[in-house]
Amino acid sequence: MPPVPSPARAFIMAICLLQGLLLYFFFSAPETPALIRFTHNIYGQTMALVLPVLISLAVTRLKDGRVWASIIVFTLLLAGLAAWAKSNIFANMTDSILVPFQLSLGLLTFFILPWLQVQAFPPETRYRYIHLAACYSQNILCVMLTVLLMLLAVAVVALWAALFRLIGIEYFHQLFYDTPLVGWLLYGVLLGISIVTCRTQPSLMNTTRNIIRFILKGLLPLVAFIALIFLFALPFTGLNALSQAWSAASLLTTMALSVLILVNVVRETDSPVKPYPRAIRLMVNAAILLLPVYAALALYATGLRVSQYGWTPSRIWAMQIIVVTLIASVCYSFSVIDKRPDWLPRITQFNKPLSLLVVLLVIACNSPLLDPYRISVNSQIARLDSGKTQAKDLSLNLLRFDTGRRGNEALVKLQENPAFTQDPRLQASLKNMLAQTSRWGAYSVKEAENAAKNYRIEDAKKQILLAKGASQPDDSWWKSLPELENYRSTLRDCLSLEGACIINTLDLNNDKQKEIFFCNTFDTPSINCRIFARQAGKWAQTGELYLYEGKDKDALIQALRNGEVRPVQRKWADVQIDGKRRVIHYNSDND
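Residues numbered from 1 in each chain as written. Predicted model: local features only at pLDDT ≥ 70, side-chain atom pairs only at ≥ 80, totals over all residues. Heavy atoms only, no water.

Student: So what's going on with the overall build of the protein? Which residues, and what values?
Tutor: Helix and strand counts for the protein come out as 25 helices and 7 strands. When the backbone C-alpha atoms are referred to their principal axes, the protein occupies close to 90 × 65 × 60 Å. Here the analysis covers contacts within the protein between residues at least 6 apart in sequence; of these, 67% occur between residues at least 24 apart. As presented, the protein carries roughly 32100 Å² of accessible surface, and 63% of it is formed by carbon and sulfur atoms. Here the protein holds 57 positive side-chain charges and 40 negative ones, and the gap between their average locations is 11 Å. (Helix = DSSP H or I, 4+ residues; strand = E, 2+ residues; numbered from the N terminus. Contact = heavy atoms within 4.5 Å. Areas by Shrake-Rupley, 256 points an atom, 1.4 Å probe, with all protein chains shown as cover. Lys, Arg positive; Asp, Glu negative; His and termini not counted. Charge placed at Lys NZ, Arg CZ, Asp CG, Glu CD.)

Structure below.
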């Protein structure tokens, strides 16, 4: 690796410290009306996350015009990707867009950075694989060193704050835990130290690299053996086991990628030496030769999910990873059967175009070419229109929270879809989903306040069903219901659809007073029941029950409507010790 002169080292430290300040500004600074437009700017966040790290790892000489020109081109690419990501951000639901986008930026930076770093090498040897491999390994070691330094720093800072807190001095605890600026500045300093160390201590990096290679060299035969015996056992179990497993594709892809990565670590660059004794090397070769089977099985498992449920953003990303894994596996298999005397001689030729393929796919998935959100929304709506997916089975949550603006526009259009307009339950579900501000059922504070303000007892009595044989609760309970529920999604569901919620009255504690058994059956994976009782003259929630019945849910709802609920006393009692009741949690077979 080219040496880094002193001015470049000082520049690296300064730009890493600047990144800490920028990340504080964009992610942790107090939100004020004057600055919120800038702190939530996706262009600024993108540049702050990527460019300082890119520059500090790529620049060797401050006047190297070739490197700076490459960084400018990459900056324009980042701006284009950020613009496309911004076009799909909807209201305050940004995580489903920004998190995959930021992971894409990390992956893109990892694979593009070595091509910028080699610009500092002599022109005649600039793009030799040995130089690219050295840059990749240096960057990986830099990440590992940075993580290690930060973990140690966190431990020291925690000890520092705890020691002074022990003697009543809270200053350092507040400084480190309640002042985000200090944390981001510490991050910048540690990042700068890590990068300067990795770029100026070649002997330390070579020693560390050799130690890691030695460890992983012993791991490759074990992983190869596992890969072979799995494929040997698969014909005896059949593919049905894969189709029924939830994470089959991810496990298969992980195994294939593990072998590919370990092979790259073990195979030293441009080295003619064959590793391992002949028998072990043949076993490793056999595992590499059969890697396409793993990728093909993962492709089959993912394709099966797509045919059953359609495309989703996560499946599209998974498909890209599997396709790259399949192509790499096929290339490495060809390298095994190569007649040259070296071990896997063509790997160095395959890795360069494979890294560029990853770059192109990441760019395509963050552009109109392979936009996962557009493809997912079109797939789900097409399945609904064709009848492959019933309206009741359509994932409204996916469209609302996982596909950004495109998914929310599709939800608005669904309000005119006959399947939803003709079914009151589906129509209410769609309306509630559009009003939600989080996938866990939260609503905006303003809307919750308005709903509680407009709450009417007579409307609630019309919407909430009284089970057969149950007595009408006191008006005091109806009046306190918004406060009891804090106008949570349960009460909103109850008022959205007549009969969605059911009330029963039962004496559950043998005090001759009936408690209220209040169940929500509206479009949820489980039926949620709450028990309310009068305590000290006020109504309060005293218990909760979740019923997971799956296919028998309709029968359970009918039983709740018919009032088929009876108190059942516990067979085993609790105990009293030292004048206090102690609750015993018995085994399920005995309680």
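Student: Account for a nonpolar patch on the surface, with residues named and values stated.
Tutor: A cluster of nonpolar side chains, contributed by Leu 159, Leu 163, Leu 166, Ile 167, Ile 169 and Tyr 171, occupies part of the molecular surface with about 670 Å² of accessible area. Assignment of secondary structure puts Ile 167 in the loop between α6 (129-166) and α7 (171-177). For Ile 167, a relative accessible area of 60% corresponds to the exposed category. (Patch = residues over 30% accessible without salt bridge, like charges linked within 9 Å, V, L, I, M, F, W, Y side chains within 5 Å. Salt bridge = Lys/Arg side-chain N within 4 Å of Asp/Glu carboxyl O. Buried < 20%, exposed > 50% of the residue type's maximum accessible area, 1.4 Å probe, protein only.)

Student: Hey, could you go over the side chain of Ser 333 for me, with residue numbers and the actual values?
Tutor: Relative to the helices and strands, Ser 333 is located in helix α14 (residues 313-336). Owing to a relative accessible area of 9%, Ser 333 belongs among the buried residues under this scheme. Every residue in contact with Ser 333, bar those within four places of it in the chain, is listed here: Ile 288, Leu 289 and Pro 292.

Student: Could you give an account of the sheet that holds strand β1 (residues 465-466), naming the residues involved and the relevant values?
Tutor: Pairing is mixed in the open sheet, where 5 strands are placed in the order β1-β2-β3-β4-β5. Whereas interior strands pair on both sides, the edge strands pair on one side only; in this sheet they are β1 and β5 (538-547). Of the strand pairs in this sheet, strand β2 (residues 501-506) and strand β3 (residues 515-520) are connected by 6 bridges, and their pairing is antiparallel. Within β3, the residue paired with Leu 506 across the bridge is Glu 515. The sheet contacts of helix α25 (residues 553-561) involve β1, β2, β3, β4 (527-535) and β5, and relative to β4 the element is tilted by about 25°. (Pairing = 2+ DSSP bridges. Axes fitted to C-alpha atoms, helices over the stretch in contact; angles between N-to-C directions.)

Student: Please give an account of the pattern of salt bridges that cites residues and values.
Tutor: Applying the stated criterion across every chain, the model contains 9 salt bridges. Among the ionic pairs, Arg 405 bridges to Glu 409, the shortest N-O distance being 2.8 Å. Here Glu 409 and Arg 405 lie together in helix α18 (residues 404-414), a separation of 4 residues that amounts to about one turn. Looking at Arg 405, the relative accessible area reads 25%, which means it is partly exposed. Given the relative accessible area of 38%, Glu 409 is considered partly exposed. In this structure, Asp 474 and Arg 534 form a salt bridge, with 2.9 Å as the shortest nitrogen-oxygen distance. With Asp 474 in the loop between β1 and α23 (475-485) and Arg 534 in strand β4, this pair connects stretches of sequence that are 60 residues apart. Taking the relative accessible area as the measure of exposure, Asp 474 reaches 42% and is therefore partly exposed. On the basis of relative accessibility, which here comes to 42%, the residue Arg 534 falls in the partly exposed class.

Student: Any details on unusual backbone geometry? Residues and values, ideally.
Tutor: Positive phi, close to 55°, is recorded for Asn 510, a residue that is not glycine. Within the fold, Asn 510 resides in the loop between β2 and β3. Even without a glycine there, the phi angle at Asp 578 is positive, about 55°. Summarising the element assignment, Asp 578 is placed in the loop between β6 (575-577) and β7 (580-582). Judged by its relative accessible area of 72%, Asp 578 is exposed.

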